[in-house]
Amino acid sequence: VYLLIFALDSPEATARKFELSHPPGSKLYPKLFWSSDGRYIFTGFIGDAAIVDLSTNDVHVIPNQECPPVDILAGPEVVRFCAGGHVRFVGISGTLNREWSLAESVIALAVEPSLGQVALLASTQDDHAPTQTRREITIIDARERKEIGRWLLPPGKDTYSGTFAKSGTVFCALQNAFATS
């Protein structure tokens, strides 16, 4: 599989080309994640994953750890969300830099790479109304693991997705009626 980088200011220039290994026969088309400084690009496959250092043209292979990538922070650090409520921060060498063990009902929704923020969604079943689930979004500073803000969402059976605005000053959450129907 080839990763191609095109310079938009030089359309006549040849694309930078990187060959990435992936599992044979894989039909997975993974998302690409850019670091906020534009130096690194990350992509994950089933099995191993790759971080390309665009300043040196080096390709670093890191174990996938069966945890899908959420995004990439400066450093670089790949942010991965693992089953059971674990958020892992993995360095360019594949070393686990740190891990957050959260409740199983917590998932990582999004990462704001330039400010190093992680959005988490927590869900709690209401014992008095089984069809109603209480949900809240918490924004955390990834470096200091310090809470920036917390918002209670309208109760219901549907889950949420979310994204940061490019400036990192606004978070948008969308209720996904189709996800649980």
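Residues numbered from 1 in each chain as written. Predicted model: local features only at pLDDT ≥ 70, side-chain atom pairs only at ≥ 80, totals over all residues. Heavy atoms only, no water.

Along the chain, the regular secondary structure elements total one helix and 16 strands. Taken across its 181 residues, the chain has 40% of its residues classed as buried. When contacts within the chain are restricted to residue pairs at least 6 apart in sequence, those whose partners lie at least 24 apart make up 32%. Surface exposure of the chain reaches about 10,400 Å², of which carbon and sulfur atoms provide 55%. (Helix = DSSP H or I, 4+ residues; strand = E, 2+ residues; numbered from the N terminus. Buried < 20%, exposed > 50% of the residue type's maximum accessible area, 1.4 Å probe, protein only. Contact = heavy atoms within 4.5 Å. Areas by Shrake-Rupley, 256 points an atom, 1.4 Å probe, with all protein chains shown as cover.)

A separate point is the side chain of Q117. Position of Q117 relative to the elements: it lies in strand 12 (residues 117–125). Discounting residues that sit within four places of it in the chain, Q117 has contacts with A110, V111, E112, I139, I140, A142, I148, F164 and G168.

Judged by nonpolar contacts, the single largest core of 16 residues is most densely connected at V79, V87, F89, W100, V118 and L120. Elements with a contribution of two residues or more to this core: strand 7 (69–73), strand 8 (77–82), strand 9 (86–91), strand 11 (106–112) and strand 12. In contact with V87, other than residues within four places in its own chain, are V79, R80, F81, R98, E99, W100, L102, A108 and L120. (Core = buried A, V, L, I, M, F, W, Y, C linked by side-chain atoms within 4.5 Å.)

Our focus in this paragraph is the sheet that holds strand 13 (residues 133–141). Spatially, four strands are ordered 11-12-13-14 in an open sheet, and the strand pairing comes out antiparallel. This sheet does not close on itself; its edge strands, each paired only once, are strand 11 and strand 14 (146–152). Shown here is a sheet whose adjacent strand axes are inclined to one another by a mean of 20 degrees, direction ignored. (Pairing = 2+ DSSP bridges. Axes fitted to C-alpha atoms, helices over the stretch in contact; angles between N-to-C directions.)

Our next topic: the state of the cysteines. Within this structure, the stated rule accounts for one disulfide. One disulfide in the model links C67 with C82; its S-S distance is 2.0 Å. Taking the torsion about the sulfur-sulfur bond, which here is approximately 110 degrees, the covalent link between C67 and C82 counts as right-handed. Of this pair, C67 sits in the loop between strand 6 (58–63) and strand 7 while C82 is found in strand 8, placing the two residues 15 residues apart along the sequence. A single burial state applies to C67 and to C82, both of which are buried. (Disulfide = S-S within 2.5 Å.)

A word on the sheet that holds strand 3 (residues 32–34). Sheet strands pair by backbone hydrogen bonding; their relative direction is either parallel or antiparallel. Strand order in the open sheet formed by four strands is 3-4-5-6, and the pairing between neighbours is antiparallel. Looking at strand neighbours, the two that pair on one side only are strand 3 and strand 6, the edges of this open sheet. Ignoring strand direction, the axes of neighbouring strands in this sheet form an average angle of 20 degrees. Note: strand 4 (residues 40–44) against strand 5 (residues 48–53), five bridges, orientation antiparallel. By the bridge assignment for strand 5, Y40 is matched with D53.

To continue, consider unusual backbone geometry. Note that the residue after G75, namely P76, is joined by a cis bond; omega there is -5 degrees. With respect to the element layout, P76 can be found in the loop between strand 7 and strand 8. We note that N57 has phi near 65 degrees; this positive angle belongs to a residue other than glycine. Within the secondary structure, N57 sits in the loop between strand 5 and strand 6. You will see that R145, though not glycine, has its phi angle at about 50 degrees, which is positive. Relative to the elements of secondary structure, R145 occurs in the loop between strand 13 and strand 14. Looking at R145, the relative accessible area reads 44%, which means it is partly exposed.

By the element assignment, T124 lies in strand 12. Residues T124 and V106, spaced 18 residues apart in sequence, show a C-alpha to C-alpha distance of 9.2 Å. Once you skip the residues sitting within four places of it in the chain, T124 turns out to touch T133 and R134.

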